Amino acid sequence: MKCQHCEKPATFHITELTGPGGPHVLHVCEDHARQYLSPDSSQPGTSALAGVLSSQQKVEQSAEQIASTDQKACPVCGITFAEFRNIGRLGCPYDYVHFQTDLEPLLINIHGSREHHGKKPSKLLGSPDRQHRLLQLRREMKEAVEKELYERATEIRDEIRRLEQNEAGE
Amino acid sequence: MKLDELAGKCGEWLKGTGPEADIVISSRIRLARNLSEFPFVRRCTEGDKRSILRAARQAVEAIDEWKDVEFLDVEPLSDLDRQFLVERQLISRELSEAEGPRGVAVDGTERFSVMVNEEDHLRIQVIRSGLDLKSAWQDAAEIDDRLERKLTFAYLEKLGYLTACPTNVGTGLRVSVMLHLPALVITRQIEKVFRSLQKMNVAVRGLFGEGSQFTGDFYQVSNQITLGRSEEALLQQVEYVVPQLIEYERKARNFLMTNSEHDLHDDVSRAYGILQTAKKISSDETMLYLSKVRMGVNLGLIRELEIPVVNKLLIHTQPAHLQKLRGKILNTTDRNIERAGYLQKHLAKRN
């Protein structure tokens, strides 16, 4: 892949989560990456205000790293890391568990932190496993319906109900 | 609560009360929350969205203290009604333009709203007049607690509240303050001031203006990060910056009053005159002149007007409000005529 700004090979792949154009990926060579990432390079044509507006988050990775992470898919909602990269939005709460190591550099880039300090839910959550199981079952049911496997869909629905009732009884 | 009834009224947050209300229009707290058992909204099926909407509605309606809270189903609303809610700041443009089952719970005095199926399953929003972040945060935390007794939010010990976009994870908190900074714009210091804020973990953006962010000199300052700091610490980041902005703006106003009072007075009076006499006027132009008039009132250059009236006009002259108040759909030209008439009626000379 060539750099978007010159003929050199693109060795940096930068994911922008916010900014004027919405989430997008940039493929650039080392020189252009440095230029792009340096805080003083507020692009001409965009006002200083626009610079402030687009609280830009940047993550640097090598092409190899990207290729392998991009293949990964969440077992619960099915989103791949590549899809997340393109749309900038995760698929389900479990993604934070499944993609934990891949998200960590991104979180540090955005927030300068990877740990929550602050408000907590006052009640104890149902076990995380149960939550993820419900998410997963709902997805399986949707797939079963799409494939017209109605018997399977009914089984799944019953299991969802059992799990939901367990919660109500807790 | 009927939307048409709302139209004639004015939300609490526009009352022009609260600390620093001459410069700070409003303080806002937003919390992003998701139900743990569903995919994030973008990956939801229509059925998922309907289940989320139902769960949210049941939770809201089961809260005893919320007798005055109305739950609106947004999907079946007309374009005009949705636009009306956007102008009112009860829902976001994003929720208005989204598809599928979605809704909003609105407090009777418009102090808070809870959007359902926007980017996250729930977006709690509290608005206060003037600079009043602490009480807005206390209210938001209480709303969160109440909802949480009925719903299970996606939360991890390590990462906090889980959100569709990683930029909101952790506290899910966005603290924003809306400021009116006309003198900083006139004296061309605004960009310099904002550039100095860049290093202070806050974001600034223009407000109201559809086309240009400078329309009306209204700006919003908010925190940039949501993870790794407590809600109180994030509040403080914004609370630290806002008084500085207020001081800069006051200094700029003093400077203008000392060095070019005639020019300023002339500018303000002309703006006032146009608003009082124009026969057709666009939304952007109205905003521009109302901004000048607002400053004029605060500086004592216009004596017969009060800030709450100006605040109300800022909202009531927007397209959907005008049409709601008139009780019919109007095209752009008719709206411009209607707007001029509305302004004339409310800014009539009182002799």
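Computed from a predicted structure; not experimentally measured.

### Overview of the overall build of chain B
Reasoning step 1: Regarding its fold elements, chain B presents 13 helices and ten strands.
Reasoning step 2: Projected onto the principal axes, the alpha-carbon positions of chain B cover approximately 65 × 45 × 35 Å.
Reasoning step 3: Burial status across chain B gives 59% buried among its 351 residues.
Reasoning step 4: Sequence separation of 24 or more characterises 71% of the internal contacts of chain B that already satisfy a separation of 6 or more.
Reasoning step 5: When the accessible area of chain B is evaluated, it comes to approximately 14100 Å², of which 46% is carbon and sulfur surface.
Reasoning step 6: Taking the average place of the 50 positive charges on the side chains of chain B and the average place of its 51 negative ones, the gap between the two points comes to 3 Å.

### So, the domain arrangement of chain A
Residue and element names in this part refer to chain A.
Reasoning step 1: Taken as a whole, chain A is organised into domain 1 (12-56), domain 2 (63-111) and domain 3 (128-169).
Reasoning step 2: Approximately 500 Å² of surface area, both sides summed, lies buried where domain 2 meets domain 3, with 65% of it carried by carbon and sulfur atoms.
Reasoning step 3: By the criterion of area lost to domain 3, the three top residues of domain 2 are Pro75, Val76 and Tyr94, representing 70% of everything that side buries.
Reasoning step 4: Between domain 2 and domain 3 we count zero salt bridges in total.
Reasoning step 5: Run the count over domain 2 and domain 3 and you get two residue pairs in polar contact (both at pLDDT 80 or more).
Reasoning step 6: Here the side of domain 2 that touches domain 3 is composed, by residue class, of eight nonpolar, one polar and no charged.

### Digging into the side chain of B:Lys324
Residue and element names in this part refer to chain B.
Reasoning step 1: As for its position among the elements, Lys324 is in helix 12 (residues 319-326).
Reasoning step 2: Judged by its relative accessible area of 14%, Lys324 is buried.
Reasoning step 3: With near-sequence residues (within four places) excluded, Lys324 lies in contact with Leu3, Asp4, Ala7, Leu80, Asp81 and Phe84.

### Some words on the packing of helix 5 (residues 133-150) of chain B against helix 8 (residues 231-259) of chain B
All names here are of chain B.
Reasoning step 1: Where helix 5 meets helix 8, the axes come as close as 11 Å, and the angle between the chain directions of the two elements is 150°. The angle between the axes of helix 5 and helix 8 places the two elements in the roughly antiparallel class. The element helix 5 and its partner helix 8 pack so that their crossing is right-handed. Contacts between helix 5 and helix 8 involve Leu133, Lys134 and Trp137 from the former and Glu231, Glu232, Leu235, Val238 and Glu239 from the latter.
Reasoning step 2: Its residues assigned to classes, the contact of helix 5 with helix 8 comprises four nonpolar, no polar and four charged.

### Here's the deal with the interface of chain B and chain A
Reasoning step 1: Facing 59 residues of chain B, the contacting portion of chain A comprises 50 residues.
Reasoning step 2: Between chain B and chain A lies a buried interface of about 4500 Å² when both sides are counted; carbon and sulfur atoms form 60% of it.
Reasoning step 3: Across the contact surface, chain B and chain A share six salt bridges.
Reasoning step 4: Linking B:Asp145 and A:Lys119 is a salt bridge whose minimum nitrogen-to-oxygen distance equals 2.6 Å.
Reasoning step 5: At the junction of chain B with chain A, the criterion picks out 17 residue pairs in polar contact (both at pLDDT 80 or more).
Reasoning step 6: Those elements giving two or more residues to the side of chain B that touches chain A turn out to be helix 5, strand 6 (155-156), strand 7 (160-161), helix 7 (190-197) and strand 9 (202-206) of chain B.
Reasoning step 7: Looking at the side of chain B that touches chain A, the element that brings in the most residues is helix 5 of chain B, giving seven residues.

### A short note on the packing of helix 12 of chain B against helix 13 (residues 332-346) of chain B
Residues and elements named next belong to chain B.
Reasoning step 1: Their axes nearest at 10 Å, the elements helix 12 and helix 13 cross at an angle of 75°. In terms of orientation, helix 12 and helix 13 fall into the roughly perpendicular class. Of the residues in helix 13, those in contact with Pro319, Leu322, Gln323, Leu325 and Arg326 of helix 12 are Arg335, Glu338, Arg339 and Tyr342.
Reasoning step 2: Counted by class, the contact of helix 12 with helix 13 contains four nonpolar, one polar and four charged residues.

### Concerning the packing of aromatic side chains
Reasoning step 1: In this structure the tally under the stated criterion is five aromatic pairs over all chains.
Reasoning step 2: Taken together, a centroid distance of 5.0 Å and an interplanar angle of 65° make the contact between B:Tyr155 and B:Tyr161 edge-to-face.
Reasoning step 3: On the basis of relative accessible area, B:Tyr161 is assigned to the buried category, the value being 1%.
Reasoning step 4: One aromatic cluster in this structure is built from A:Phe81, A:Phe84 and A:Phe99.
Reasoning step 5: One Lys or Arg, A:Arg138, reaches over the ring of B:Phe38 and ends 4.2 Å from the middle of that ring.
Reasoning step 6: A cation over a ring is seen here: B:Arg33 above B:Tyr161, with NZ or CZ 3.4 Å from the ring centre.

### What about the domain arrangement of chain B?
All names here are of chain B.
Reasoning step 1: Domain boundaries assigned for chain B yield domain 1 (3-253) and domain 2 (260-350).
Reasoning step 2: One C-alpha centre belongs to domain 1, the other to domain 2, and the line joining them spans 26 Å.
Reasoning step 3: Each partner contributes to the roughly 2400 Å² buried at the junction of domain 1 and domain 2, and carbon and sulfur atoms together form 65% of this total.
Reasoning step 4: When the buried area of domain 1 at its contact with domain 2 is split by residue, Leu14, Leu80 and Glu87 rank highest and sum to 25% of it.
Reasoning step 5: At the junction of domain 1 and domain 2, the tally comes to one salt bridge.
Reasoning step 6: Among the salt bridges present, the one from Lys324 reaches Asp81, with a minimum N-O distance of 2.4 Å.
Reasoning step 7: Across the contact surface, domain 1 and domain 2 share ten residue pairs in polar contact (both at pLDDT 80 or more).
Reasoning step 8: Grouping the amino acids of the side of domain 1 that touches domain 2 by side-chain chemistry returns 15 nonpolar, six polar and ten charged.

### A closer look at the confidence of the model for chain A
As a general rule, the predicted coordinates of low-pLDDT regions are not to be interpreted in detail.
Residue and element names in this part refer to chain A.
Reasoning step 1: Of all residues in chain A, 65% have pLDDT values of 70 or greater, and the mean over the chain is 74.
Reasoning step 2: Per-element confidence in chain A is highest for helix 5 (residues 95-98), whose mean pLDDT is 93, and lowest for helix 2 (residues 48-53), whose mean pLDDT is 31.
Reasoning step 3: Below pLDDT 50 for its whole length, residues 39-58 participates in 43 contacts with residues either more than four positions away or in separate chains.

### A closer look at the pairing of strand 10 (residues 218-223) of chain B
Sheet faces and side chains relate simply in a regular strand, where the side chains alternate between the two faces.
All names here are of chain B.
Reasoning step 1: Summarising burial for strand 10: six of the six residues are buried, a large majority.
Reasoning step 2: Pairing of strand 9 with strand 10, which is carried by five bridges, proceeds in the antiparallel orientation. Paired with Gly206 across the two strands is Tyr219, which belongs to strand 10.

### Let's talk about the pairing of strand 4 (residues 112-116) of chain B
Residue and element names in this part refer to chain B.
Reasoning step 1: With five of its five residues buried, strand 4 lies for the most part within the structure.
Reasoning step 2: Side chains Phe112, Val114 and Val116 project from strand 4 onto one buried face, and the interleaved Ser113 and Met115 project onto a second face that is buried too.
Reasoning step 3: Relative to strand 4, strand 3 (residues 103-107) runs antiparallel, the two sharing four bridges. Paired with Gly103 across the strands is Val116, a residue of strand 4.
Reasoning step 4: Counted along the chain from strand 3 to the antiparallel partner strand 4, the turn is four residues long, and its residue Glu110 has a positive phi close to 60°.
Reasoning step 5: Bridge count for strand 4 against strand 5 (residues 122-129) is five bridges, and the pairing is antiparallel.

About the thresholds
Residues numbered from 1 in each chain as written. Chains lettered and ligands numbered in written order. Predicted model: local features only at pLDDT ≥ 70, side-chain atom pairs only at ≥ 80, totals over all residues. Heavy atoms only, no water. Helix = DSSP H or I, 4+ residues; strand = E, 2+ residues; numbered from the N terminus. Buried < 20%, exposed > 50% of the residue type's maximum accessible area, 1.4 Å probe, protein only. Contact = heavy atoms within 4.5 Å. Areas by Shrake-Rupley, 256 points an atom, 1.4 Å probe, with all protein chains shown as cover. Lys, Arg positive; Asp, Glu negative; His and termini not counted. Charge placed at Lys NZ, Arg CZ, Asp CG, Glu CD. Domains from an automatic or database assignment. Buried area = accessible area lost by both parts, 1.4 Å probe. Salt bridge = Lys/Arg side-chain N within 4 Å of Asp/Glu carboxyl O. Polar contact = N/O pair within 3.5 Å; in protein donor to acceptor, adjacent residues only side chain to side chain. Nonpolar A, V, L, I, M, F, W, Y, C, P; charged D, E, K, R; others polar. Axes fitted to C-alpha atoms, helices over the stretch in contact; angles between N-to-C directions. Parallel < 35°, antiparallel > 145°, perpendicular 65-115°, else oblique. Left-handed = near helix turned anticlockwise from the far one by under 90°. Phe/Tyr/Trp six-rings, centres within 6.5 Å; stacked < 30°, edge-to-face > 60°. Lys NZ or Arg CZ within 6 Å of the ring centre and 35° of its normal. pLDDT = per-residue confidence, 0-100. Pairing = 2+ DSSP bridges.

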